[in-house]
Amino acid sequence: MSARGRLRVLLGAAPGVGKTYTMLEEGKRLLAEGKDVVVAVVETHGRAATSAMTEGLEVLPRRALQHRDVELTEMDLDATLARTPEVALVDELAHTNAPGSEHDKRWQDVQVLLDAGIDVISTVNIQHIESLNDVVEQITGVPQRETVPDDFLRAADQVEVVDLAPQALQDRLSGGLVYPAERIDAALSNYFRLGNLTALRELALLWLADEVDQALKTYRAEHGIDSKWEARERVVVTLTGGPEGETLLRRGARIAARSAGGDLLAVHVTSQDGLRVADPESLARQRALVEKLGGTYHQVVGDDIPIALVEFAKSVNATQLVIGVSRRSRLAAALTGPGIGATVVREAGNIDVHIVNHDAAGGKLSLPKIGGALTWKRRITGLALALVGGPLLTWLLSAFRTEDSITSDVLSYQLLVVVVALVGGIWPALFAAVMSGLTLDFFFIAPLYTVTVTKPTHLVALALYIIIAILVSLVVDRAARLTRAARRAAAESELLATVAGSVLRGQGAIQALIDRAREAFGLAGVRLLKGETVLATAGEPLPDDRHTTVPIGDRAILELHGNDLEASEQRLLAVLVAQLDAALEHSDLAETASEVGPLAANDRVRTALLSALSHDLRRPLAAATAAVSGLRATRSMLSDNDRDELLATADESLTTLATLITDLLDVSRLQAGVLAVSVSPVDPADTIVPALDELDLGPDQVQLDLDPIIPPVMADPALLQRVLVNLLVNAIRYTPPGGYVRIATSAFAGQVEIRIIDRGPGIPAERHDDVFVPFQRVGDTDNTAGLGLGLALSKGFVEGMGGTLTPEDTPGGGLTMVVTLPTPETRQQPAEPTAEGMPS
């Protein structure tokens, strides 16, 4: 029995990227190496370059089948098996065979070839993979009925992506290298949109990346490899259910985003006994955030949380591990030992660990108080040291007391006083000094166990203890004051830098200042009021309405709810008030500018209207006036031909004048938002034909490419006809002599597109939006073309009907105006797209 053949699949994001060409090119390469290669089946779709690549290769005849009196051809599986080549080239793996074939799908024929020991090179597009079928339909709006099972494709020995940039593929399509000329416009407007191609390309690359990732995991499992392989960044974020979770997730997402294709994984560890239960509501919010950030959520069970985290990170081949700073206090950390972070860092090995600060760890900015030099915590600690250290030192010295040890005893108590002064300041130091003197006299100076001052030198020693305690305490107090002053200066600098940056950025400056003021001064709430209106707020006002009011110029009032500010903080508050005043002034100026903008725009419209009236209305009005005056003055002297010519001139001029006035009225209605639109289901052909009749356009000027099966559109028939007339007039005007305008319709993703295509000079892409500005005629310098309102009106009419009007470049030169309108089923259920423009 021969060995099973090898399958090599060339995967593409869309038709036209070069899969078939690459397959034939590879066949020629193998043939040159001495391999027996045949072309079992190839679909060239009329592409000359692809057909040329078959030259020099043996192409097996196709099998003919009859179906409903139509002859169909398919790959001849029996002939290929009888030929027994080393390599068979089989195009379009997802192809559905004609009825009467041995198998329903071509991939099943390939399965037979592989079982016969024949190597196969085949092609497939990403939209034909079974698991991605619905995703591709969401992207393109086009359903796929020909698919390949994932397990068959995953079993291939080699899958390669044949890649081509979306813009390059569009250029190939525009150049006629993918489809015939008559299918180019529909393809570009439907399946081959730039966004579609970009999404499909990413889908193909990610699918292949997942395949490579699975192969890597299998290899590492088979070979027992436990170390980190940095094929791509995998960032694991640990969640405890605490408030810091969102901060950690966003930091992890930013780390993953720095490397293309990075993965974000969030993990929460629960204990086996279920005693350590996190806040389920917080975890639910964080899980939703993980999904928004494109990551995955995982939950593992383990009593030893650090070990469980590290084991999970290693199991997913993580490269980065993000954890938060412990929420425990320093005392708790000192009593219970190192926390989870330290253990994770020690056990993580070569996984990078990021310990991220957060609000729950005390990361908010607050200004330290200058008032007391040492905190109550330090004073209590110093007092505790005196109470514990004194008796302990007495016990030790008593145990080793000799007649000559008095000197060391005195120095030992002096050292205790100095240490207490360094820790707790003056009051604990004075307490230690007095107690040390009394203890020394009671336990170490004869007579023992009595407090008796028999020599004046003993009083001097006690006084020296107290003096040393005071001096050391003063040094410590001064150092503490300088430290606090330095910390406050740094905090003020940071605050002022943030304030200045907020004002310079403009947007959000007021709210940033309010938030920073509340944090800086430790207030319960801050409000900025303008009259009775609350402009910004931070925190919550106190229930008893106790607050300090600070005027912000004559613009607003700042309310500070909480403790009264100290004198040292008033200077900083003055800076905040000045910045708030500047931010409010900036806001007022921006508001004024936004009010002036529409007035200026209206003024420009009125100026343009007056200019247009002076030029475009003068000619028909003057012509009509002259014609009527001529008829009245010389009616008895005119011949019938002259009289008819004057009447025709008057009629034409008055008709032109009526059209201009109608356009002006329509523009006024559009700008006032009172355009009357009556939307109902309309067959596009029922408005296209009357528009052609109105302009008296025949087949020599307009070619129709109307899809007979498109659904009706939701539109106002009269307005849609006006739109088409305006667009056709514009297209005919710029079409070169001997040319024609083409009208095409197509359905796509629950919408219908009407495309007016000309082969004129076109419009630069950067000026596409200019054509819709009222009273603008892009490229015109004369005044014989009306007011320049046609396209502006058309855009307003289409948008009033719930559609869009967009200009596009015509492949090969020219301008294409695309009218997109919804179908009646769009709001309830997306209409099934047709196959127009969809490649096989």
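To be clear, the structure that these remarks concern was listed above.
Because the structure is a prediction, the values reported are computed rather than measured. (Residues numbered from 1 in each chain as written. Predicted model: local features only at pLDDT ≥ 70, side-chain atom pairs only at ≥ 80, totals over all residues. Heavy atoms only, no water.)

S.K.: Can you walk me through unusual backbone geometry in this structure?
M.R.: For residues other than glycine, phi is negative in most cases, and the peptide bonds are mostly trans. The phi torsion at Thr84 lies on the positive side, around 45°, for a residue other than glycine. As for its position among the elements, Thr84 is in the loop between helix H3 (77–83) and strand E6 (87–90). Here Glu92, not a glycine, exhibits a phi torsion of approximately 50°, which is positive. Take Glu92: it is sitting in the loop between E6 and helix H4 (106–115). Residue Glu92 is classed as buried on the basis of its relative accessible area of 19%. (Helix = DSSP H or I, 4+ residues; strand = E, 2+ residues; numbered from the N terminus. Buried < 20%, exposed > 50% of the residue type's maximum accessible area, 1.4 Å probe, protein only.)

S.K.: Whenever I open this one, a nonpolar patch on the surface confuses me. Can you help?
M.R.: Together, Leu383, Leu387, Val388, Phe431, Val434, Met435 and Leu438 make up a nonpolar patch on the protein surface, roughly 560 Å² of accessible area in all. Secondary-structure elements contributing two or more residues to the nonpolar patch are helix H15 (376–399) and helix H17 (426–444). A total of four residues in the nonpolar patch trace back to one element, the largest contributor, which is H17. Structurally, Leu438 is set in helix H17. Judged by relative accessible area, Leu438 falls into the partly exposed class, the value being 36%. (Patch = residues over 30% accessible without salt bridge, like charges linked within 9 Å, V, L, I, M, F, W, Y side chains within 5 Å. Areas by Shrake-Rupley, 256 points an atom, 1.4 Å probe, with all protein chains shown as cover. Salt bridge = Lys/Arg side-chain N within 4 Å of Asp/Glu carboxyl O.)

S.K.: Would you take a moment to explain the pattern of salt bridges for this structure?
M.R.: Any two side chains of opposite charge can pair if their charged atoms end up close together. Using the criterion set out here, one finds 20 salt bridges in the structure. Here Arg29 makes a salt bridge to Glu26, at a shortest N to O gap of 2.3 Å. Note that Arg29 and Glu26 are positioned in helix H1 (residues 19–32) at a spacing of three residues, about one turn of the helix. Given the relative accessible area of 39%, Arg29 is considered partly exposed. A relative accessible area of 13% means that Glu26 is categorised as buried.

S.K.: Is there a simple way to think about the packing of helix H16 (residues 406–424) against H17 in this case?
M.R.: When two helices pack together, their arrangement is given by the angle between the helix axes and the distance between those axes. Orientation of H16 relative to H17, taken along the N-to-C sense of each, is 165°, at an axis distance of 8 Å. Relative to H17, the element H16 lies roughly antiparallel. For the pair H16 and H17, the crossing hand works out as right-handed. Note on element contacts: H17 touches H16 through Ile426, Pro428, Ala429, Ala432, Ala433, Ser436, Thr439, Leu440 and Phe444, opposite Ile406, Asp409, Val410, Tyr413, Leu416, Val417, Val420, Ala421 and Gly424. Classifying every residue of the contact of H16 with H17 by side-chain character gives 14 nonpolar, three polar and one charged. (Axes fitted to C-alpha atoms, helices over the stretch in contact; angles between N-to-C directions. Parallel < 35°, antiparallel > 145°, perpendicular 65-115°, else oblique. Left-handed = near helix turned anticlockwise from the far one by under 90°. Contact = heavy atoms within 4.5 Å. Nonpolar A, V, L, I, M, F, W, Y, C, P; charged D, E, K, R; others polar.)

S.K.: Any chance you could explain the packing of aromatic side chains here in plain terms?
M.R.: The description of an aromatic ring pair rests on the distance of the ring centres and on the angle between the ring planes. Evaluated as defined, the whole model comprises one aromatic pair. On the numbers, 5.2 Å between centres and 50° between planes, the contact of Trp107 with Phe152 is tilted. Linking Trp107 in helix H4 with Phe152 in helix H6 (residues 150–154), this pair joins segments that are 45 residues apart in sequence. Of the two residues examined, Trp107 and Phe152, each falls in the buried class. (Phe/Tyr/Trp six-rings, centres within 6.5 Å; stacked < 30°, edge-to-face > 60°.)

S.K.: In this structure, what is going on with empty space enclosed by the protein? I would like to understand it.
M.R.: One water molecule sets the probe size; rolling that probe over the atoms shows where empty space is left. Tallied over the full model, the rule gives four cavities of 30 Å³ or more. Each pocket or cavity is described by its volume, and for the largest cavity that value is around 80 Å³. What lines the largest cavity is simply Arg63, Glu74, Met75, Leu77, Asp78, Asn97, Ser101, Glu102, His103 and Asp109. Here the residues of the lining of the largest cavity are counted per class, giving two nonpolar, three polar and five charged. (1 Å grid on protein atoms, 1.4 Å probe; cavity = no way out; pocket = protein on both sides within 12 Å on 5 of 7 lines; lining within 4 Å. Points joined across faces, edges and corners; volume = space filled by probe spheres on them.)

S.K.: How should the pairing of strand E22 (residues 751–757) be read in this particular structure?
M.R.: With six of seven residues buried, E22 lies mostly within the body of the structure. Of the strand pairs in this sheet, E22 and strand E24 (residues 815–822) are connected by seven bridges, and their pairing is antiparallel. For Gln751, the partnering residue across the bridge sits in E24 and is Pro822. (Pairing = 2+ DSSP bridges.)

S.K.: I would appreciate a short explanation of the nonpolar core in the present structure.
M.R.: Across soluble globular proteins, nonpolar side chains show a tendency to be buried alongside one another. Formed by 36 residues in total, the largest nonpolar core has its most connected members in Leu727, Leu728, Ile743, Ile756, Val819 and Leu821. Secondary-structure elements contributing two or more residues to this core are helix H22 (685–695), strand E20 (713–715), helix H23 (717–734), strand E21 (741–748), E22, helix H24 (790–800) and E24. Examining the composition of this core, we find that eight residues originate from one element, H23, more than from any other. If we ignore the near neighbours within four places in the chain, the residues touching Leu728 are Ala691, Leu692, Leu695, Leu697, Val741, Ile743 and Ile756. Within the second largest apolar cluster, 33 residues are counted, among which are Leu93, Trp107, Val124 and Leu132. (Core = buried A, V, L, I, M, F, W, Y, C linked by side-chain atoms within 4.5 Å.)

S.K.: What's the story with the pairing of strand E2 (residues 37–41) in this structure? I'm lost.
M.R.: Consecutive side chains along a regular strand alternate between the two faces of the sheet. The buried fraction of E2 is high, at five of five residues. Alignment of E2 against strand E3 (residues 58–59), held across two bridges, turns out to be parallel. When the bridges of E3 are listed, Val39 appears paired with Val59. Where the polypeptide runs from E2 across helix H2 (residues 48–53) and back to E3, its parallel neighbour, the crossover connection is right-handed. (Right-handed = clockwise from strand over helix to strand, strands pointing away.)

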